[in-house]
Amino acid sequence: MVRKGVAQALTVEQIQTDIITELASKYWAPYSEHPRLPYSARIVEDVYRRELYATKFASRRVLMLEFSQYLENYLWPNYTLESTQSHVLSIAAVVNEKFRERVPAWECFKARPERVSDFFRQAMTVSLKDDLSYLEQTVMVIFFMHCFNSLADDVIRGQVLKLVSVGIWIDLLPSRREELFSDQPGLFNRWKKMMKKTATADKGTQQILDLEKRFLYLHLQKYLRVLKEIPKEGDVNVDLLHYCERFLELLIDLEAQLLTRRYFNALLDSSHVIVYSQLSALARRTEGKLFRQLLEMLQFYAGFEISDFTGEPLTDQEMLTVHYDRLKSLQEAVFKHFPDLRQFALANIGSIDTRESLLKHFRPLSNRKLHEVAAFLKLVEPPTEEKQYSDEFLLELLVSQHERRPSQLEALNEMPLYPTEDVIWDENLVPTEYNASDSRRGVTGGLALPKLNLQFLTLHDYLLRNFQLFRMESTYEIRQDIEDAVRRMKPMKAEDGSCYFGGWARMAQFIESLTVVEVAQPHLGESHPSRVRADVTINLNYTPQVQREWEALRKHDVVFLLTVRPPLPIGSTFNHSEPFVPQVGLVYVRGCEVEGMLDETGRVIEEGPEPKPTFQGKQRTYRVFLDPNQYQRDMTAIVSGHEDPYETFNIILRRRPKENNFKAVLETIRDLMNTECVVPDWIVNIILGYGNPAAAHYDQMTTGILTMDWNDTFINLDHLKASFPGYGVVVQNLKPGLECKPPFRITFPSHDDPDNKTLIVEPHVIPYRGPFASVSAKRNQILFTPTQIEAIRSGMQPGLTMVVGPPGTGKTDVAVQIISNLYHNFPEQRTLIVTHSNQALNQLFEKIMALDIEERHLLRLGHGEEQLETQKDFSRYGRVNFVLAERLVLLQEVTRMHEIFKLPSEPSYTCESAGYFYVYEVLSRWEEFLSKVKPYTGEVVNVAKISELFPFSEFFSKAPQPLFKGRTFEEDFEIAEGCFRHVRNIFTQLEEFRAFELLRSGKDRTRYLQIKEAKIIAMTCTHAALKRRDLIESGFQYDNILMEETAQILEIETFIPLLLQVPEDGFNRLKRWIMIGDHHQLPPVIKNMAFQKFSNMEQSLFTRFVRLSVPTVDLDAQGRARASLCELYNWRYKKLGNLPHVRLWPDYRMANPGFTFDFQLINVDDFNGQGESEPNPYFYQNLAEAEYVVAVYMYMRLIGYPAEKISILTTYNGQKSLIRDVIEKRCTNNPLLRMPHKVTTVDKFQGQQNDFILLSLVRTRAIGHIRDVRRLVVALSRARLGLYVFARVSLFQNCFELTPAFNQLMVRPLRLHLLPYEAYPPVRKIDEPPSGPEMIINDMPHMTQFVYDFYSQKIEQIKETQRRLNQKDQWSGRMLLPQSGAVVVQRTEARYDQSVTEEHPGAGSDSEDEK
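Conventions we followed
Residues numbered from 1 in each chain as written. Predicted model: local features only at pLDDT ≥ 70, side-chain atom pairs only at ≥ 80, totals over all residues. Heavy atoms only, no water. Phe/Tyr/Trp six-rings, centres within 6.5 Å; stacked < 30°, edge-to-face > 60°. Helix = DSSP H or I, 4+ residues; strand = E, 2+ residues; numbered from the N terminus. Buried < 20%, exposed > 50% of the residue type's maximum accessible area, 1.4 Å probe, protein only. Lys NZ or Arg CZ within 6 Å of the ring centre and 35° of its normal. Core = buried A, V, L, I, M, F, W, Y, C linked by side-chain atoms within 4.5 Å. Pairing = 2+ DSSP bridges. Axes fitted to C-alpha atoms, helices over the stretch in contact; angles between N-to-C directions. Right-handed = clockwise from strand over helix to strand, strands pointing away. Contact = heavy atoms within 4.5 Å. Salt bridge = Lys/Arg side-chain N within 4 Å of Asp/Glu carboxyl O.

Enquirer: Explain the packing of aromatic side chains to me, please; I cannot follow it from the model alone.
Expert: Two descriptors summarise a pair of aromatic rings, namely the distance from one centre to the other and the angle between the planes of the rings. Scanning the model with the defined rule gives 79 aromatic pairs in all. Seen from their ring centres, Phe-714 and Phe-724 are 6.0 Å apart, and the 55 degrees between their planes marks the pair as tilted. On the criterion of sequence distance, the pair formed by Phe-714 in the loop between strand 9 (707-709) and helix 31 (717-723) and Phe-724 in the loop between helix 31 and strand 10 (728-731) is long-range, its members being 10 residues apart. Classification of Phe-714 as buried rests on a relative accessible area of 2%. Judged by relative accessible area, Phe-724 falls into the buried class, the value being 4%. Between Phe-1292 and Phe-1302, the aromatic rings sit 5.7 Å apart at their centres with planes inclined by 5 degrees, giving stacked as the arrangement. Placement of the pair is Phe-1292 in helix 50 (residues 1289-1292) and Phe-1302 in helix 51 (residues 1299-1305), with a sequence separation of 10 residues. Taken as a pair, Phe-1292 and Phe-1302 share a single burial class, namely buried. For the cation-ring pair, Arg-879 lies above Phe-882, with the distance from its terminal atom to the ring centre recorded as 4.4 Å.

Below you can see the structure in the form of structure tokens.
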């Protein structure tokens, strides 16, 4: 099926015969059979005219040039000041394509930075020329847009900041400029220096400086001239339309960054671009919808609530004051100078600040009067014969300057959080596609979407952009789910006109009834109901598994109510290429939030440890919360004559919980925007992207702690010394005769004394905890590297810690040690752990459980704790049960002690009475014991007295005996103190458990546990967003936050966990923020390519901090992969080496049996004339690679490799499905083969590893998304011992971004080399040659034939062995392979694809345990 508006991918044959390929092979291709020809400017001119300009910069042509390394190897190396206009435009076009492809664009510029300034001047000159076509002008506008969005690149920042300096005010009205200087006196001095520099420079330099100062102004004037060329009626030049749209996008980008808007905002205002645009013909034409949306965004940012010069955010009250001051000044001016407006001057401000009232007062004035008023306000020049303005312009100028702006926050609060049918299928709000071949989304077209750049104006701006993007991305995913489920249900029109469902969907059910049961009164000051609840009844007449899934709907889960009125009669088929809504007759979509399932008495079943009631029959009723804002809108529409949608719903749709947290996130963002968002002072500027990026590093913080207990971090003193190279170590307070061993307290020199490089180390002994083995301290056994130690040190100190952890560098071990050290150094502080996935959180939590941390202080929130590999329950209710059970055990110990003391009263204790017992009976006996064995007189006491007088000897009768050794007084007294510590700990715990006695409900107990008892609380970022409101209301507090996988978490989902607590006296109590991640691996999953590429929504906060040059600790030693495998991806990191064990351990010293090489790139040619296929849109498959990979897997199994040590990865869901089907046919039911550990996509396998990886790259026509180097790094770093890559080498070898890895892969033969006489486990060492000849596999059919024959030999050997052993059971030998090695050309039909849009490779629907 050919997708509308999407060009088909080029075949390899087409690429190889293309003129661009021919030219590249002669002049600039990196892999060419012939020596390159010398540079020719004529070639650049011809390529530009024929391949770019003549094709209107067709994305296919630009992509081919970019992919052939035209920029890196030809355009930029040969650029000079004498280069032609075509040369400049070619560079700009290829740079734009690199940005569209999301690959680094400025790398080659950094190779010749001395030419950058010359190129920029020439680019500015070219872009201002009037003889450029509109398309060429648009190319240059997009190029400069990318430049202004690349402030993080030093080579670009220095050039673009010259264009937005105070010098651009040279084109302001002199009176307006003087007014600005009077408000900001310091700027005047800067202005004078700049003018003096220009005046004293030579003529050439003056021209350059004038160009830089006037560039943006001249562009604004050029835009206004072009805008006037659009007629009110008739045809409009599409290229002209695109130019106007992209120019507005450039202006929005300039206004949305403080560094670029500081001086530009005044220039924009003085040029009246917004007013002219609003009055333009384009703004009133139907073709101008996107233009109008962009204009609204520009207007919003031009008047944003911020001081342009100080960067301080302005409150609503301050903005209102500015508005009133402006109106007041206007009234005073007209009162003095314009008697005709005396009524306006004397009017109440509140009555004249609306558009209607302003027009009422100003419209009667003559053109001359309007001009004079505007000139008096310094908006335009004074009226002259030459300078005239229209009445319409002058009126709009005066009104727009003085009308009250609507509150965006109020509009946001009135907005329904759930998308409706009007929003979900609006392509202007939620674009389906973002492809360069789409004329509206490619080189020329833009989008009215916010962008996540490096910097944000204020926290309000930060939250608003994230709110809008998150809402639209969620809407896109909801649309996909609705279309998928409704199509599966096959709604048809029955003969009586009712809706008949011809199919069924796992995620959707028919609604039997829906009743609105409550509409609560509005809160004070609101117009919508405070709460709307409804009951939805469905019939779960399905399999038990589906029934359990529906019954598992939890509180806060979001479901959707749909109304469909299908127009198609029964028996019709859906056409997936046609629009969805008209075919199924979808009328309404409304979202709602589940409160719970109702029991048979009509009450909501509370969540908790209690088992759910048993139901009779299949009918279930759910109580749901409807959106009050949406309900109010619907009721208003009903009053206007529309139907009631709540009486028409016939489908309820649920979504996967992992993808259904959007409502909670949006609600949380909205809550944050409505409250004073208190972010710690030491981090707020870094979040916004301003100031010193190192300001939150521990060596810049004034709250640094010099002396800290490193607990069990170090194995011994030598480890400590090796961990701090460049420092001297002085050991103090070591008792004579004792060995210097951990734990250590370390005192670091003060930051005020940088020359001091001496560490003061104090070993100390952990107090004896008692004679029971269960209370002995657990110790760390990891020999941390110096870099890991630096990461731990930074994490222990107040401030921001960022740890970049390449694959296999022990990120989790570092995180666990930081948590342990914080727990022991600051027992009163609470630490919050947040990760992206349940899997990562559980791995982290399992390691924490193995440390010396009290079990009662651990809490795991969320629904993933059941996957913990432990029988203990660390959920809230599990921890409450643990506390209650532990309380009973401890009270039994108290009772036993009561009996030992032979007290007269009955032993019946609670936590409270146990406290009294401790004070009056236990503590008194201990003090008496101390007075006897350590008398104040100082007399020496015989060592035997300790065991004789010790009051708790009988209590410790179950401990290893003898309790006291009798060797020295000090030893036995330490034992006695340790025993008492054990006793005291019993009563300390009981005192902590006392609240659980007083609180009776499970909810109160879990809340107390959450806010008081637990010291280490773990949750996913999804849970943090879902439960923020509950956590705030419960009084949840924490002092430290540690985030794992932060490079995979969305910006806003990283930000929300910082604000899960109520500020104390206006301050956030957060002391430490530890972020651990790897920005060189895959980013967050964004399914919509428009939001991912255009809006940069895939940028994580971690990645942005790295781009902002926030200090990081880069772990530099990996212990996962062989050193040779590590070299395939370590080029991506600053300095990634290997831990000693990857060269010393037996696993790494042995060769992979049956293979000549430990890694190899295997070229896979077409099979039956075909490489990649696409049975459904974007469902890419490659049969040849699938058969080849499975054949290699079977070969590995036949020579003894365990299946659990082999994983098969691919870059596309289509190929994953195909490989699974081939394995299902060949291996699943064969006891010799079975299934591999996993068959999944690279994206899904991030964070996991296996010994041997078989990787299929699938594509043969275009590189695809493996061109994202982050995906390549993940793919190459999953293997420990062996990696075998199957790909079309001729395609991938020319990709510039992949060159460092493929250069190494291509050093080895491109045909598979086997040693079939070897078997697993390995016996040959890695450096030993094979004992026999190699077998070279020519292609996939050769491999399948060989495996067939090899399998047959194995079967015969097994049969022969069985015959010799005279076993009764004969091996069936049934062959599961195709006969004679023939390849089954049965293509896997694509699973139903809910849309024709490209699916993100990480967006598969498989569970985390993909098999």
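Enquirer: Where do I start with the nonpolar core in this structure?
Expert: For soluble globular proteins, the rule of thumb is that nonpolar side chains tend to be buried together. Residues Trp-169, Ile-482, Phe-987, Phe-1055, Trp-1073 and Phe-1105 are the most contacted members of the largest nonpolar core, which totals 247 residues. For this core, the element with the most residues is helix 25 (residues 459-489), which contributes 14 residues.

Enquirer: Which parts of the structure should I look at to understand the sheet that holds strand 11 (residues 744-747)?
Expert: Within a sheet, neighbouring strands are paired by backbone hydrogen bonds and run either parallel or antiparallel to one another. Pairing within the open sheet is mixed, and its 4 strands lie in the order 9-11-12-10. What marks the edges here is a single partner per strand, and that holds for strand 9 and strand 10. On average, each strand axis in the sheet is tilted by 25 degrees relative to the strand beside it, whichever way the strands run. Both strand 9 and strand 11 contribute to a ladder of 3 bridges, which runs antiparallel. When the bridges of strand 11 are listed, Asp-709 appears paired with Arg-745.

Enquirer: Quick question: what am I supposed to make of the pairing of strand 13 (residues 799-804) here?
Expert: Two faces belong to every sheet, and in a regular strand the side chains alternate between them. Burial analysis of strand 13 places 6 of its 6 residues in the buried class, which makes it a mostly covered element. Note: strand 13 against strand 18 (residues 1072-1077), 6 bridges, orientation parallel. Considered in strand 18, the bridge of Thr-801 is made with Ile-1074.

Enquirer: Please clarify how the pairing of strand 25 (residues 1206-1210) should be interpreted in this entry.
Expert: For strand 25, a buried count of 5 out of 5 residues is recorded, marking the element as mostly surrounded by other parts of the structure. Judged by which residues are buried, strand 25 turns out to be covered on both faces: Ile-1206, Ile-1208 and Thr-1210 on one side and Ser-1207 and Leu-1209 on the other are all buried. Relative to strand 27 (residues 1250-1256), strand 25 runs parallel, the two being bridged by 5 bridges. Of the residues in strand 27, the one forming a bridge with Ile-1206 is Phe-1252. With helix 48 (residues 1213-1226) bridging strand 25 and the parallel strand 26 (residues 1238-1241), this β-α-β connection has right-handed handedness.

Enquirer: How should I be thinking about the environment of Gly-966 in this particular structure?
Expert: Looking at the secondary structure, you find Gly-966 in the loop between helix 37 (944-949) and helix 38 (969-998). Of the residues examined, Gly-966 reaches a relative accessible area of 44% and is grouped as partly exposed. Along the chain, Gly-966 and Ala-944 lie 22 residues apart, while their C-alpha atoms are 6.4 Å from each other. Excluding its chain neighbours within four sequence positions, the residues that come into contact with Gly-966 are Val-943 and Asp-972.

Enquirer: How do you make sense of the sheet that holds strand 26 when you look at a structure like this?
Expert: Spatially, 22-28-27-25-26 is the arrangement adopted by the 5 strands of the open sheet, whose pairing is parallel. Both outer strands of the open sheet, strand 22 (1159-1163) and strand 26, are each paired with one neighbouring strand and no more. Sheet twist, expressed as the average angle between the axes of neighbouring strands with direction ignored, equals 20 degrees. Where strand 25 meets strand 26, 4 bridges bridge the pair, whose relative direction is parallel. Along strand 26, the bridge assignment pairs Leu-1209 with Thr-1240. Taken strand by strand, helix 47 (residues 1183-1198) contacts strand 22, strand 25, strand 27 and strand 28 (1279-1287), and its axis lies near 155 degrees from that of strand 27.

Enquirer: How should I be thinking about the pattern of salt bridges in this particular structure?
Expert: Pairs can form between side chains of opposite charge whenever their charged atoms are close. Taken as a whole and judged by the stated rule, the model has 84 salt bridges. Across the pair Lys-663 and Glu-667 runs a salt bridge, and its minimum N-O distance is 2.9 Å. Separated by 4 residues within a single helix, Lys-663 and Glu-667 lie in helix 29 (residues 662-674), roughly one turn from each other. What makes Lys-663 buried here is its relative accessible area of 9%. Overall, the relative accessible area of 19% leaves Glu-667 in the buried class. In this structure, Asp-1158 engages Arg-1308 in a salt bridge whose closest nitrogen and oxygen atoms are separated by 2.7 Å. One end of the pair, Asp-1158, is in the loop between helix 46 (1146-1149) and strand 22; the other, Arg-1308, is in the loop between helix 51 and strand 29 (1313-1314), with 150 residues separating them in the sequence. Asp-1158 gets classed as buried once you look at its relative accessible area, which sits at 8%. Three or more residues joined by partner-sharing salt bridges are found here, namely Glu-66, Glu-72, Glu-97, Lys-98, Arg-100, Glu-101, Arg-1267 and Glu-1297.

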